[in-house]
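# Inside the fold
Each chain is listed here by its residues.
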Amino acid sequence: MAELFSFHPERAEAVLKRALSRGADFAELFLEDGTARNLTLNEKIIDAATTHRRCGAGVRVFSQTASAYAYCSGWDQEDLLDIAQQAAEALAAQVSLKAQIQLRPWIKVCEMKAPIRPYEAVTVSEREQYLLRAVHAAHAYSPEIHRVTASLADEDRRVIIFNSEGVWAEDRRIHGRLFIQTIAQGEGRLETGSVAPGAGQDFSFFEALDLEAQAREAARIATTVLHAPECPSGQLPVVIENGFGGVIFHEACGHSLEATSVALNNSEFSGKLGQQIAATCVSAVDDGTLLGAWGSAQVDDEGQPTQRNLLIDHGICTGYLIDRLGSRRMGMEPTGSARRQDYSYPATSRMTNTFILAGQDDADEMIKELPQGLYAKTLGGGSVNPLTGEFNFAVQEGYWIENGELKHPVRGATLIGKGADVLMKIDRVAANLKRAQGMCGSASGMVRADVGQPRLRVQQLTVGGRGEALS
Amino acid sequence: MNWQAYQESLLTCAREQGCDQAEVVLTEASSLGVTVSEGQIENLEASKTARCSLRIAYQNRPGYASTEVKEDPALLVAQAIDNASGQVPDPALDFAGPQTYETLPQPHNPLEGLSLKALIEQAYGLEKAGLARDPRIEKSAGISLQVNQRTLSILNTSGLSAHHQVSRGSTVCGFIAKEGETRRDQWEQVSGTQADDFETCVNRCVDRALIRLSGHSIATGQYTLALSGKVMASLLGAFFSAINAREVEKGRSPWANELGKQVAAPCVHLVDDPYYAENPLPFDGEGRPAQKTTVVEAGTLKTFLHHSETARRAGVQTTANAVRTATGRVEIGPTNLYFLPGELTEDQLLEQMGQGLYIQYIAGLHSGLNPVSGDFSVVADGFWIENGKKQDWIHQITIAANYFKLLNEVQAFSNEIHFPGGHTVGSPAALFKQVQVAGQKETPEDSV
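Right, let's walk through the structure included here. Since this is a predicted model, take the numbers as computed values, not measurements. (Residues numbered from 1 in each chain as written. Chains lettered and ligands numbered in written order. Predicted model: local features only at pLDDT ≥ 70, side-chain atom pairs only at ≥ 80, totals over all residues. Heavy atoms only, no water.)

A few words on the overall build of chain A. Counting its regular elements, chain A contains 10 helices and 22 strands. Rg of the C-alpha trace for chain A: 24 Å, near the compact-globule value of 23 Å for 471 residues, within the 12% margin. In terms of overall dimensions, chain A has C-alpha extents of about 70 × 55 × 35 Å along its principal axes. Within chain A, contacts between residues at least 6 apart in sequence are counted, and of these 75% link residues at least 24 apart. Total accessible area on chain A is roughly 16100 Å²; 48% of this is exposed by carbon and sulfur atoms. Taken together, the 46 basic and 59 acidic charged side chains of chain A have centroids lying 1 Å from each other. (Helix = DSSP H or I, 4+ residues; strand = E, 2+ residues; numbered from the N terminus. Rg over C-alpha atoms; globule rule 2.2 N^0.38 Å. Contact = heavy atoms within 4.5 Å. Areas by Shrake-Rupley, 256 points an atom, 1.4 Å probe, with all protein chains shown as cover. Lys, Arg positive; Asp, Glu negative; His and termini not counted. Charge placed at Lys NZ, Arg CZ, Asp CG, Glu CD.)

What follows deals with the interface of chain A and chain B. Contact with chain A, which involves 73 residues of that partner, is made by 70 residues of chain B. Where chain A abuts chain B, roughly 5800 Å² becomes buried across the two surfaces, and 48% of that area is made up of carbon and sulfur atoms. Summed over the shared surface of chain A and chain B, the result is 6 salt bridges. Note that Arg 246 of chain B and Asp 47 of chain A form a salt bridge whose closest N and O atoms lie 2.5 Å from each other. Between the two partners, chain A and chain B, sit 41 residue pairs in polar contact (both at pLDDT 80 or more). Looking at the side of chain A that touches chain B element by element, the count peaks at 11 residues for strand S2 (residues 45–63) of chain A. For the side of chain A that touches chain B, a count of residues per class yields 27 nonpolar, 33 polar and 13 charged. Pairing between S2 of chain A and strand S3 (residues 61–67) of chain B: 2 bridges, direction parallel. Directly across from His 52 of chain A, in S3 of chain B, lies its bridge partner Ser 66 of chain B. (Buried area = accessible area lost by both parts, 1.4 Å probe. Salt bridge = Lys/Arg side-chain N within 4 Å of Asp/Glu carboxyl O. Polar contact = N/O pair within 3.5 Å; in protein donor to acceptor, adjacent residues only side chain to side chain. Nonpolar A, V, L, I, M, F, W, Y, C, P; charged D, E, K, R; others polar. Pairing = 2+ DSSP bridges.)

This part covers the nonpolar core. Core analysis: the largest hydrophobic core is formed by 58 residues, its most contacted members being Phe 7, Leu 29, Leu 31 and Phe 162 of chain A. Per-element tally for this core: the top contributor is helix H4 (residues 198–213) of chain B, with 8 residues. Contact partners of Phe 162 of chain A, with chain neighbours within four places excluded, come to Phe 7, Pro 9, Ala 12, Leu 16, Ala 27, Glu 28, Leu 29, Leu 31, Trp 106, Val 167 and Trp 168 of chain A. Residues Phe 304, Phe 339, Ile 394 and Val 410 of chain B belong to the second largest nonpolar core, which totals 52 residues. (Core = buried A, V, L, I, M, F, W, Y, C linked by side-chain atoms within 4.5 Å. Buried < 20%, exposed > 50% of the residue type's maximum accessible area, 1.4 Å probe, protein only.)

This part takes up H4 of chain B. Here H4 of chain B spans 23 Å end to end across 16 residues, near enough to the 22 Å set by a 1.5 Å rise per residue. Those residues of H4 of chain B lying buried are Phe 198, Cys 201, Val 202, Cys 205, Val 206, Arg 208, Ala 209, Leu 210, Arg 212 and Leu 213 of chain B. (Expected span 1.5 Å × (residues − 1).)

With that settled, the discussion passes to the packing of aromatic side chains. All names here are of chain B. For the structure shown, the criterion picks out 28 aromatic pairs over all chains. Seen in terms of ring centroids, Tyr 223 and Trp 384 are 5.8 Å apart; in terms of plane orientation they differ by 90°. Their pairing is edge-to-face. With Tyr 223 in strand S7 (residues 221–227) and Trp 384 in strand S15 (residues 375–386), this residue pair connects regions lying 161 residues apart in the sequence. A single burial state applies to Tyr 223 and to Trp 384, both of which are buried. (Phe/Tyr/Trp six-rings, centres within 6.5 Å; stacked < 30°, edge-to-face > 60°.)

Further remarks concern the side chain of Asn 279 of chain B. Residues and elements named next belong to chain B. Assignment of secondary structure puts Asn 279 in the loop between strand S8 (270–272) and strand S9 (293–297). The class of Asn 279 is buried, set by a relative accessible area of 12%. A distance of 3.2 Å separates polar atoms of two side chains, one belonging to Asn 279 and the other to Arg 168. Excluding its chain neighbours within four sequence positions, the residues that come into contact with Asn 279 are Arg 168, Pro 274, Thr 335, Asn 336 and Thr 424.

Residue and element names in this part refer to chain A. Strand order in the open sheet formed by 6 strands is S12-S11-S10-S15-S21-S20, with mixed pairing between adjacent strands. Looking at which strands have only one partner, the edges of the open sheet turn out to be strand S12 (316–317) and strand S20 (434–442). One ladder, built from 9 bridges, connects S20 with strand S21 (residues 445–453); its direction is antiparallel. Its bridge partner being in S21, Gly 438 is matched across the sheet by Ala 449. In the packing of helix H6 (residues 247–254) onto the sheet, contacts are made with strand S10 (284–287), strand S11 (308–313), strand S15 (353–356), S20 and S21, and the angle to S21 comes to roughly 115°. (Axes fitted to C-alpha atoms, helices over the stretch in contact; angles between N-to-C directions.)

Turning next to the pattern of salt bridges. Evaluated as defined, the whole model comprises 60 salt bridges over all chains. The network of salt bridges with shared partners includes Asp 47 of chain A together with Arg 246, Glu 247, Glu 249, Lys 250, Arg 252, Glu 309 and Arg 313 of chain B.

Here the focus is the pairing of strand S2 (residues 40–58) of chain B. Judged from the 5 bridges that link them, strand S3 (residues 66–73) of chain A and S2 of chain B form a sheet pairing that is parallel. From the neighbouring strand, Ala 68 of chain A faces S2 of chain B, where its bridge partner is Leu 44 of chain B. Across 17 bridges, strand S1 (residues 21–37) of chain B lies against S2 of chain B in antiparallel orientation. Within S2 of chain B, the position partnered with Leu 32 of chain B by the bridge is Ala 46 of chain B. Counted between consecutive antiparallel strands, the loop separating S1 of chain B from S2 of chain B contains 2 residues, among which Glu 38 of chain B sits at a positive phi close to 50°. In this sheet, S3 of chain B lies alongside S2 of chain B in antiparallel orientation, the contact comprising 7 bridges. If you follow Tyr 58 of chain B over to S3 of chain B, its bridge partner there is Arg 61 of chain B. What sits between the antiparallel neighbours S2 of chain B and S3 of chain B is a turn of 2 residues, in which Gln 59 of chain B has the positive phi angle 50°.

What follows is about the packing of helix H3 (residues 124–141) of chain A against helix H5 (residues 211–226) of chain A. Residue and element names in this part refer to chain A. One way to put it is that H3 packs onto H5 with a least axis distance of 8 Å and a crossing angle of 40°. The pairing of H3 with H5 is recorded here as oblique in orientation. For the crossing formed where H3 meets H5, the hand is right-handed. Where H3 approaches H5, its residues Tyr 130, Arg 133, Ala 134, Ala 137, Ala 138 and Tyr 141 are matched on the opposing element by Leu 211, Glu 212, Ala 215, Arg 216, Ala 219, Arg 220 and Thr 223. (Parallel < 35°, antiparallel > 145°, perpendicular 65-115°, else oblique. Left-handed = near helix turned anticlockwise from the far one by under 90°.)

With that settled, consider unusual backbone geometry. One non-glycine residue, Glu 43 of chain A, lies in positive phi territory at about 60°. According to the relative accessible area criterion, Glu 43 of chain A is partly exposed, its value standing at 21%. Positive phi, normally seen in glycine, also occurs at Ala 320 of chain B, with a value near 60°. Tracing the sequence through the fold places Ala 320 of chain B in the loop between helix H7 (308–314) and strand S11 (322–324).

With that settled, consider the pairing of strand S19 (residues 430–438) of chain B. Residues and elements named next belong to chain B. Taken across its 9 residues, S19 has 7 buried, putting it largely inside the fold. As judged from the 3 bridges shared by strand S16 (residues 389–402) and S19, these two strands associate in the antiparallel manner. Looking at S19, one finds that Ile 399 is bridged to Val 437. Summarising the sheet, strand S17 (residues 412–413) and S19 pair through 2 bridges and their orientation is antiparallel. The partner of Ala 412 across the bridge, within S19, is Leu 431.

Structure, rendered in structure tokens:
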């Protein structure tokens, strides 16, 4: 990587003073400099190889709960003073501001940690050889595998945060993600299957991964779905597998606990602290401290140390995810949950690694008990409207349950429901907790987030398959 | 050094480092935006950014590197050469030379030049207007006005010099309606030359939020379906890979072997149009001059959309559909892609429908679709149609179908094209036959 700029706190002092010069009661400077690489193979040929340097800064000012944000590319001191001026004037133009506050002395809350096997040191050729293994393994699984795409995307970025309360945080965030997609062909159709493991770690994560097993899993999904009939449609009990199955909690509950909507009373869980919002078998956390996890960091994007937040305790709502602005609005402490895609967004409260905790129910019994139902084994993403709690998520690979047995695979359905409703309808939670990686989109852009859960069962969801309606 | 000088220095450096060819795309952008809600400033935003991407041909291999700061040119060139190292050499790799472009009149941006203060006042005005429209409007969920300016320039060692400037505005209204314990929100956007059509934005938003209050689900089953222009446009955009020549090459388009064949109903015409007045584009991402392309004519697939490389391999002319990704890679994308309108007004379309579901919005498309098979399953809401007239609001249902099969079942298009919120894909409303819908059997509790 190119030599990273160093950033002296005296520069930050000048910028923050400018930001406060019109009377704001808080100012923050967020700096970011990093390199993102991507290598994609289409079959055995390199389809894309890119390197991008993302570098910029944002200045935020508050006056009580009004805020202004200005951002620019690069770290040029003139540009930083400019954006500080813009943010200050924008707010001053509209809000009557208090007398100037003084900057507090710096307290360094976080230092960068160097990786052992930085991505910068991994050559294009090494990545290519790595991905070729995945392509070979996927094709070797079945002659029905028609095409394979494999890619490695990594980012090594330095984040520095200064604010008027004296916080000075520096964090180095290193992420990598592998993506393998297979296309199976047969019966006049094409179907896909994919895997996408990632981590907040350097390339040693991928060296330790069972790459061939991942590739075979992507191929297995595609070939299974190729021969699967359409998923039926209607109301059904659904058993959701562990790992990426946790997307149901992410959509049904997680977003609705973010101060982003809670603080404005625009969430169905606003004002529900201490109340029962889920079945008693459900406990859930959001934990940004998990070492090396996809959604983790030492500090959040406002310089607040990340923490383990217990969101639901045996069905009782015990916490929200709160950023600095949310903290002001709600009169509660921030929870280390402020995140943003990059410097072009002001931070807001987001999830990090969010999962339902291990329960005590038997993972096989919850299927055996069902006369009829759906086992959702491989899920896609989803989305939610926190105001109403209406959410959806996609099932890529499912199995029809009849008389307690998995009868045959089914393909392609979106499951919908209302968060508050569905959380109360979870009636079995097994012990086999597992997490998986995803990208989460919201007001402050796309961020990396883990989802997770043990295998669990929901008494009823609306299943939108293309197949026959259930009687 | 300013960015233009940096652009030139990159080209010089690339030559010096032994690149056969080099091309630099520079994007500079600035923005101003306000968001208000509940009578207060929620956010004020201003920005000034730049992004510079380098594409080289090194020993006939393409390489890329990009940056948001004036990185040492030698380093950027070295990164691009490194990225070229694994590529298959292509002796025909050729960056465009000087071109002639038409002067296309740029659409007027009614929000351009407005001060932050003026934007804020306007936003407060919209909020007040929405609240005044109906007592069931509880509050706004946010009113935003944004103005964006962008300049794009492409320079290369073959003498290409292409420049384009864009100024766009948008207004977004969100309102929350409340009745009893039920709350529903709605978002509407006006943009481009219509960015100051505040009355339409507010009224449409408020009226829809109110209609949503009375929503209920319906029983699972097969229903005759009409999709609004907005929904059709979302689907068209989501399944773009079917007509993307690069996806065809990769074996990911179900239309790979369908050139010249019937892929849709006879009333279906699909065009890609860089001359569309709201978003005129004089050149594509490779600097090739604009051209309008008929993709589907009377249901027959006439061509895929190409950039110069896929066109060369297919033995055809480029359709000038190159686009640049955020990292400067040349890929294929639409300019302004839309289904041609039909003859019927929306009312006439619904009359022809008689009874069924007229879907206005969908969600979950990003995850609930398979671009390779065409299958999709999404949450939907819209009107129940009885005797050709809009009745109740239906929600908490899914619709599931195969997009490519659906295109063969279009009965009719309406006569008005909708381009959802600043996007470059549009469509009129469309009427279909029967589609599978999953919902909840109606119970007294459902029909609150």
